[in-house]
Structures are given as structure tokens and as C-alpha cells.
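Structural description and commentary
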Amino acid sequence: MLATRALSLVGKRAISTSICVRGEHGVAKVDDYALPAYFDRRENPLPDVRFVTELSAVQKSLKEKEKGSWATLSNEEKIALYRISFKQSFAEMNEGTKEWKSVIAGMFFFIGMTGLVVLWQRKFVYGPVPPTFESEWKEKEVQRMLDMGINPVEGFSAKWDYENKEWKK
Amino acid sequence: MSLAKPAMRGLLGKRLRFHLPIAFALSLVAAAAFKYGVTGPRKQAYADFYKQYDTTKEFNNMRDAGVFESVRTTGE
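Keep in mind that what you see is a predicted model, and the values were worked out from it rather than measured. (Residues numbered from 1 in each chain as written. Chains lettered and ligands numbered in written order. Predicted model: local features only at pLDDT ≥ 70, side-chain atom pairs only at ≥ 80, totals over all residues. Heavy atoms only, no water.)

When you go through chain B residue by residue, the secondary structure sums to 2 helices and 0 strands. For chain B, the exposed surface amounts to about 7,000 Å²; the carbon and sulfur share of it is 61%. (Helix = DSSP H or I, 4+ residues; strand = E, 2+ residues; numbered from the N terminus. Areas by Shrake-Rupley, 256 points an atom, 1.4 Å probe, with all protein chains shown as cover.)

Below you can see the structure in the form of C-alpha cells.
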């Protein structure tokens, strides 16, 4: 009991350098990372420890004043007390970064690189395109589709003027 | 200081009461727009097309064009 009381006066940070005595079992070194930590997170609004662990004289007197009626605290004092307990306000911790610019830049860069790779592939990897893509073949194909009357209501053949043998205007 | 206490409860209900009617209305509008803009005209187009569709004439046209495998062109 006395040991823990003494420890809280020494300050949480200092524990890592001092030794935690537990009963008669000997000493156990407490590492920094194993202690409760302070962090600004939206989902954890009240962290386990205060932000400022070693209070200056002014802050100590402010903490004493806090034990009395809060109506006597001025606005600046209330803000000072807030800043003792917290590092960033919710507004500060939630504000966006400018990271999106880097993200978009990276996106464009990699899309561009991919484009170059695709172009190279088209030139050096793929073979020639089948004969069905030549214009002559395509003309015959279109003529056959019009003869069969593909989609005559709203689609392909609907756009062909069968009387004048031309595409509808 | 002396700010008003922010709303602590009923936030989801408030959001739903605001957004659900709007969502419902917009969905109805979308459905109506599609019905009167797309499916209506499409059905009408098909009806009009087949009203003056002469099957025999079209068949003969196709036959002359030579697209059939089991019907020979006229005059062969």
C-alpha cells in the first residue's frame, strides 16, 4: 500500500526507472510499454492516464483549485485543466490530413505504369488480330445482320432505312 | 462557455425519421421514372412495330438475301 502511494507521487513515467516492490517476492521491472498509456482516439474518449504527468507548480495549484467549486474557475483555467488531461481536442484529433493527395498521385502513377505495360504487351506479346476484324469482313458481317433483321424494334436494324438502303438520319 | 448540452440520445431515431421518408420517396420516383420512361415506351415500340409487320414479306426478303440454311432463294 505504502509503496503504491509512494509510486503515484513519483509519477507514472518515473516508475520505469525505479523498481516496483511487490510484497516479499522481490522486484519486478515494469516496462514503459506495459503501463497504461495516453492516446487520442475517438473511440476511447477518456484514456487511462492524464496527458501531462509531471505538473508544474502553476498546474499543481490549479489542480488544488479544481477540488473546490468549479464555478470559481475562469474559462482560461478550465482550458488549462483540459490541456493537462488531454493532448488534442476532438476537433483537433479528427481533422483530416492531406494524405489523399499522395494517394491520388500514387494511383495515377501506377495506372500510368500499367498503361505503359499494356502498350508494350500489345506490341510485343500478342499476335495478330483474327481476320474477322478486317473492314471487308466487317462490311459483310453488317450486311448479313441487316438481312437477318437483328434487333429490328429498338436496336441495330431499327436504325437502318431498308427503303433507301442507308442508315437512318 | 455555457454551451447547450448536445443531444445525447435518440440520434439514430432522428436520422431515420429524416432519411427514411426521403429514401422511400426517391425510390418511388426512380421506379416511376423507369416505368414511364423506359418500359412504357419500349412496350409501345414493340406493339407499334408488330402492328404493321408483314411476316411473309419479311420472310421473302430474308430468303432473297440468302440468310437461311434450309430455304433456298427464290428462282433457284
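So, on to the side chain of Ser85(A). In this fold, Ser85(A) is placed in helix H4 (residues 75-85). Leave out the neighbours within four places in its chain, and Ser85(A) touches Tyr38(A), Val49(A), Arg50(A), Phe51(A) and Lys63(A). (Contact = heavy atoms within 4.5 Å.)

Once that is clear, we can look at unusual backbone geometry. All names here are of chain A. We note that Asn151 has phi near 50°; this positive angle belongs to a residue other than glycine. Take Asn151: it is sitting in the loop between helix H7 (135-148) and strand S3 (160-161). A positive phi angle, close to 55°, is found at Lys165, a residue other than glycine. Given the relative accessible area of 63%, Lys165 is considered exposed. (Buried < 20%, exposed > 50% of the residue type's maximum accessible area, 1.4 Å probe, protein only.)

Across the contact, 8 residues belong to chain A and 10 residues belong to chain B. Three residues, Asp147(A), Val153(A) and Glu154(A), lead the burial of chain A against chain B; their summed loss comes to 56% of the area buried on that side. Summed over the shared surface of chain A and chain B, the number is 1 salt bridge. A salt bridge links Arg42(B) to Glu154(A), with the nearest nitrogen and oxygen atoms 3.3 Å apart. Linking chain A to chain B there are 1 residue pair in polar contact (both at pLDDT 80 or more). Looking at the side of chain A that touches chain B, the elements that each hand over two or more residues are H4 and H7 of chain A. For the side of chain A that touches chain B, the element with the highest residue contribution is H7(A), accounting for 3 residues. A breakdown of the residues in the side of chain A that touches chain B according to their chemical character gives 4 nonpolar, 1 polar and 3 charged. (Buried area = accessible area lost by both parts, 1.4 Å probe. Salt bridge = Lys/Arg side-chain N within 4 Å of Asp/Glu carboxyl O. Polar contact = N/O pair within 3.5 Å; in protein donor to acceptor, adjacent residues only side chain to side chain. Nonpolar A, V, L, I, M, F, W, Y, C, P; charged D, E, K, R; others polar.)

It is worth spelling out the packing of aromatic side chains at this point. Inspection of every chain in the model, using the stated rule, returns 10 aromatic pairs over all chains. When the centroid spacing of 5.0 Å and the interplanar angle of 85° are considered together, the rings of Trp160(A) and Trp167(A) count as edge-to-face. Overall, the relative accessible area of 14% leaves Trp160(A) in the buried class. With a relative accessible area of 41%, Trp167(A) lands in the partly exposed category. Centre to centre, the rings of Phe59(B) and Phe68(B) are 5.4 Å apart; their planes meet at 35°, and the pair counts as tilted. (Phe/Tyr/Trp six-rings, centres within 6.5 Å; stacked < 30°, edge-to-face > 60°.)

Between its first and last C-alpha, H7(A) extends 20 Å over 14 residues, near the 20 Å set by a 1.5 Å rise per residue. Where H7(A) ends, the next residue or the one after it, Gly149(A), has phi of about 75°, a positive value. (Expected span 1.5 Å × (residues − 1).)

With that settled, the discussion passes to the nonpolar core. Listed in full, the 6 residues of the largest apolar core are Val52(A), Leu55(A), Leu62(A), Leu73(A), Leu81(A) and Ile84(A). In this structure Leu62(A) touches Glu77(A), Ala80(A) and Leu81(A), once residues within four positions along its chain are discounted. (Core = buried A, V, L, I, M, F, W, Y, C linked by side-chain atoms within 4.5 Å.)

To continue, consider the confidence of the model for chain B. Residues with a pLDDT of 70 or more make up 97% of chain B, whose mean pLDDT is 93. For this predicted complex, the interface score ipTM comes out at 0.74, while the overall pTM is 0.56. (pLDDT = per-residue confidence, 0-100.)

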